[in-house]
Amino acid sequence: MLAALPGCGGHPKDVLTPVADTSPQSPKVDMLIATTRTRSTVPGEMFNGERALAPAFADMTISIPASKVRKEGQVAWPKRLPSNPATDFATVKADDLDIDEAKRWLSASVRKTPDGSVLVFIHGFNNRFEDAVYRFAQIVHDSGVHSAPVLVTWPSRGSLLAYGYDRESTNYTRNALETLFQYLAKDPEVKEVSILAHSMGNWLALESLRQMAIRNGRLPEKFKNVMLAAPDVDVDVFRQQVADMGKQHPQFTLFVSRDDKALAFSRRVWGDVSRLGAIDPEQAPYKKELEDNKIMVIDLTKIKSGDSMNHGKFAESPQIVRLIGQRISEGQTLTDSRVGLGDQILVATTGAATAAGNVAGLVLAAPVAVVDQDTRDNYASHISSVAGTSGARPAAATVKHCGEGRPTPNCKR
C-alpha cells in the first residue's frame, strides 16, 4: 500500500489570491465557507490547518475553465501563479464575512434555487483549505446541482502523519457543525438539506447529526439525504450513531469500494476494525441488514480510477459526473439496480433498491473525492516514516455493517 502512495504533485500552493476575471465566459461557482480553521498570514492560503477559537465565514467565487481544456471530474490546478481563468481553476472572489453577512448570503443563495435546497459538503483527511475549496467547486459545477453550496472545512494539516491531529479536529468541529445544522433546520427559507461527506469528514457529519438528534429529540424532516463517500468510520460505531439518531433520520447512502487502500491503512491504525467505506454489501450479514434497514449502497469497486489509492473514484470518472448532472438537473431517478458506466455501479441494497428506487436519483447527487494525486504534495517525504510505524502490509478490507434508515419519497435536488 505504501508503494502506491502518490509522489509530489507539482502544482503551486497558496492559489487563493483573487485574480482578475479575464475569462468572463468561464463558469463560476459561488460558495459559502464555514470553517474552524485559523486565518493564515500566508498570501494565497487564506486559512491554514490550525484550530481557530471561533468559526469563520467567507464568500468565495471560483472560475472554472471550459471543458475543452479540462475533463469532467478533474481540478485544473494552475501550473504557475497567478492563475489563468481561461485554463485554470482560479479564485476571482474571496471575501471574509461575519456571521450576519453569512446568513444574508445563505438567504439570497437559497432564494435563487428552484427548491430551496442546500448542499453541505464536508471534506476528508489530509486536505489543505485550497484542496477542499477547488474540489467542492468541481463537484458543484460538474454535477449540475442547483442547491446553495456550503463548504464546511475543518482544521486539517494536510499531512499523512497528522492523522491523529485531523481526527481530533473533526471532534473539535462538532459543535460548530451542529450549530450550522440547527440554523438550517430553523430557517424557513431552507426547504431541504443534503449532506455530502468524504472519508474522515463522515465522522464529523455523523457525530454532529447524532448530537443534534439527542439535543432536539429528533432530526428535522428537511434533512433528507446524507451521502457517505468512502466513510472512514468504524462500522460498529456507525451502527450506534444511527441508532442514537432515532427513527426519524435522513436516508443514508454509502459509497463504498473494497479496493480502497486508504481505508485499508486506516483499518490498521484503528486496531484492525473494519471501516464502513470498505463494506462488501453482497456478503452476509450485511446484505440483509442493508435491505432490512433500507440503507442504499453504491458499490464502486469495479470502477477504474486514476487515483492509485482508490479513495477518490467519484471525481475521477467523467461518466459518473455526467450521469449525476443529467439525473439531478432533469429530476430523473435511477430505478435499475445496475447502471452501465463501462464498469458497473452496483446498487447493492437488492430488494431495497426497488423499494427505494426514487431515492437512487439523489444518492448520486454529486461526485466526491478530495484525495487526488496533485494534492498529495507531502506523501513521498513521509513514506519511510509510515513504513516504520505501520508494520506489515494492510489486509484487504472485510467489513461488517448495519444501520437504520427509511426511504424518502420524491427525492430531487
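None of the values given here were measured: they were computed from a predicted structure.

Student: How should the overall build of the chain be read in this particular structure?
Tutor: Secondary structure summary: the chain contains 12 helices and 11 strands in total. Counted over contacts in the chain with a minimum sequence separation of 6, partners at least 24 positions apart contribute 83%. When the accessible surface of the chain is summed, it comes to about 15600 Å², and 50% of that surface belongs to carbon and sulfur atoms.

Student: How should helix α3 (residues 163-186) be read in this particular structure?
Tutor: Structural remark: α-helix, 3.6 residues per turn; residues separated by three or four positions point the same way. The end-to-end C-alpha distance of α3, which contains 24 residues, comes to 34 Å, matching closely the 34 Å that a straight helix rising 1.5 Å per residue would cover. At Arg 174, α3 shows its largest kink, close to 40°.

Student: Any chance you could explain the nonpolar core here in plain terms?
Tutor: One recurring pattern in soluble globular proteins is that nonpolar side chains are buried together. Formed by 52 residues in total, the largest nonpolar core has its most connected members in Val 118, Val 120, Ile 122, Leu 184, Ile 195 and Phe 238. Examining the composition of this core, we find that seven residues originate from one element, helix α4 (residues 201-216), more than from any other. In terms of nonpolar packing, the next biggest core, distinct from the first, is built from 34 residues, Met 46, Ile 139, Val 140 and Leu 300 among them.

Student: In this structure, what is going on with the side chain of Asn 127? I would like to understand it.
Tutor: If you trace the backbone, Asn 127 turns up in the loop between β4 (117-122) and α2 (129-143). Under the relative-accessibility criterion, Asn 127 is labelled buried at 0%.

Student: Looking at this structure, I do not really get the packing of α4 against helix α5 (residues 235-245). What am I missing?
Tutor: Working note: a packed helix pair is described by the angle between its axes plus the distance between those axes. Between α4 and α5, the shortest axis-to-axis distance is 8 Å and the interhelical angle comes to 30°. In terms of axis orientation, α4 runs roughly parallel to α5. As α4 runs across α5, the sense of the crossing is left-handed. Two secondary-structure elements touch here, α4 through Trp 203, Leu 206, Glu 207, Leu 209, Arg 210, Ala 213 and Ile 214 and α5 through Val 237, Phe 238, Gln 241, Asp 244 and Met 245.

Student: What is the right way to look at the pattern of salt bridges in this model?
Tutor: Overall, the coordinates contain 13 salt bridges when judged by the stated rule. Of the charged contacts, one joins Arg 70 and Asp 142 as a salt bridge, the two residues approaching to 2.6 Å between their closest N and O atoms. Of this pair, Arg 70 sits in the loop between β2 (47-63) and β3 (90-97) while Asp 142 sits in helix α2; the two residues are 72 residues apart in sequence, bridging distant segments of the chain. When salt bridges that share partners are traced, they join Asp 14, Arg 128 and Glu 130 into one network.

Student: Please clarify how unusual backbone geometry should be interpreted in this entry.
Tutor: Only a minority of non-glycine residues have a phi that is not negative, and only a minority of peptide bonds are not trans. Backbone torsion omega between Leu 81 and Pro 82 reads 0°, so that peptide bond is classified as cis. In this fold, Pro 82 is placed in the loop between β2 and β3. With a phi angle near 45°, Ala 230 is a residue other than glycine that sits in the positive phi range. Looking at where Ala 230 falls in the secondary structure, it is placed in the loop between β7 (223-229) and α5.

Student: Before we go on, may I ask you to explain a negative patch on the surface in this structure?
Tutor: On the surface, a cluster of negative charge is made up of Asp 95, Asp 98, Asp 100 and Glu 101. With respect to the helices and strands, the residue Asp 98 is situated in the loop between β3 and α1 (99-112).

Student: What's the story with the layout of surface pockets in this structure? I'm lost.
Tutor: A probe matching the size of a water molecule, rolled over the atoms, marks out where space remains unfilled. Empty space within the second largest pocket amounts to approximately 330 Å³. Taken together, 18 residues form the lining of the second largest pocket, with Phe 57, Ile 99, Ala 176, Thr 179 and Leu 180 sitting closest to its centre. Every element with two or more residues in the lining of the second largest pocket is listed here: β1 (28-39), β2, α1, β5 (148-153) and α3. Sorting elements by how many residues they give to the lining of the second largest pocket places α3 first, with six residues. Class assignment of the residues belonging to the lining of the second largest pocket gives a composition of 12 nonpolar, five polar and one charged.

Parameters and conventions
- Numbering of residues starts from 1 in each chain and follows the order in which that chain's sequence is written.
- Reporting of local features is limited, given that this is a predicted model, to residues whose pLDDT is at least 70; pairs of side-chain atoms are given and counted only at 80 or more, and all residues count toward the totals for whole chains, interfaces and linings.
- Here the side-chain values reflect all heavy atoms present in the structure, with hydrogen atoms and water set aside.
- Numbering of helices and strands runs from the N terminus, with a helix taken as a DSSP run of H or I at least four residues long and a strand as a DSSP run of E at least two residues long.
- The contact definition used throughout considers only heavy atoms, calling two residues in contact when any of these lie within 4.5 Å.
- Throughout, the Shrake-Rupley method with a 1.4 Å probe supplies accessible areas, and for residues the shown protein chains are the sole cover considered.
- Take the residue count of a helix, subtract one, and multiply by 1.5 Å to get its expected span.
- What we call the bend at a residue is the angle made by axes fitted to the seven residues finishing there and the seven residues starting there.
- Here, nonpolar core means buried Ala, Val, Leu, Ile, Met, Phe, Trp, Tyr and Cys residues that are tied together by side-chain atoms lying within 4.5 Å of each other.
- Here the term buried applies to any residue with accessible area under 20% of the maximum for its type, exposed to any over 50%, and partly exposed to those in between, with areas from a 1.4 Å probe on protein chains only.
- For helices, the fitted line uses only the C-alpha atoms of the stretch in contact; every axis is such a line through C-alpha atoms, and the angle between N-to-C directions lies from 0 to 180 degrees.
- An angle below 35 degrees is treated as roughly parallel, one above 145 as roughly antiparallel, one from 65 to 115 as roughly perpendicular, and anything else as oblique.
- Crossing chirality is assigned from the near helix's rotation relative to the far helix, an anticlockwise turn below a right angle marking it left-handed and a clockwise turn marking it right-handed.
- Whenever a carboxyl oxygen of Asp or Glu lies within 4 Å of a side-chain nitrogen of Lys or Arg, that contact is scored as a salt bridge.
- For patches, a residue must show more than 30% relative accessible area and have no salt bridge; joins then use 9 Å for like charges and 5 Å for nonpolar side chains, namely Val, Leu, Ile, Met, Phe, Trp and Tyr.
- All tallies of charge rest on Lys and Arg as positive and Asp and Glu as negative; His and the ends of each chain are not included.
- Where a charge lies is defined by one atom per residue type, namely NZ (Lys), CZ (Arg), CG (Asp) and CD (Glu).
- Using a grid of 1 Å spacing that covers the protein atoms alone, one calls a set of points a cavity when a 1.4 Å probe fits there but cannot get out, and a pocket when the set is open and has protein on both sides within 12 Å along at least five of seven lines; lining residues are those with an atom within 4 Å of a point.
- Grid points are joined across faces, edges and corners, and a volume is the space filled by probe spheres set on the points.
- The classification used treats Ala, Val, Leu, Ile, Met, Phe, Trp, Tyr, Cys and Pro as nonpolar, Asp, Glu, Lys and Arg as charged, and all other residues, Gly among them, as polar.

Shape is all these values report; function is a separate question.
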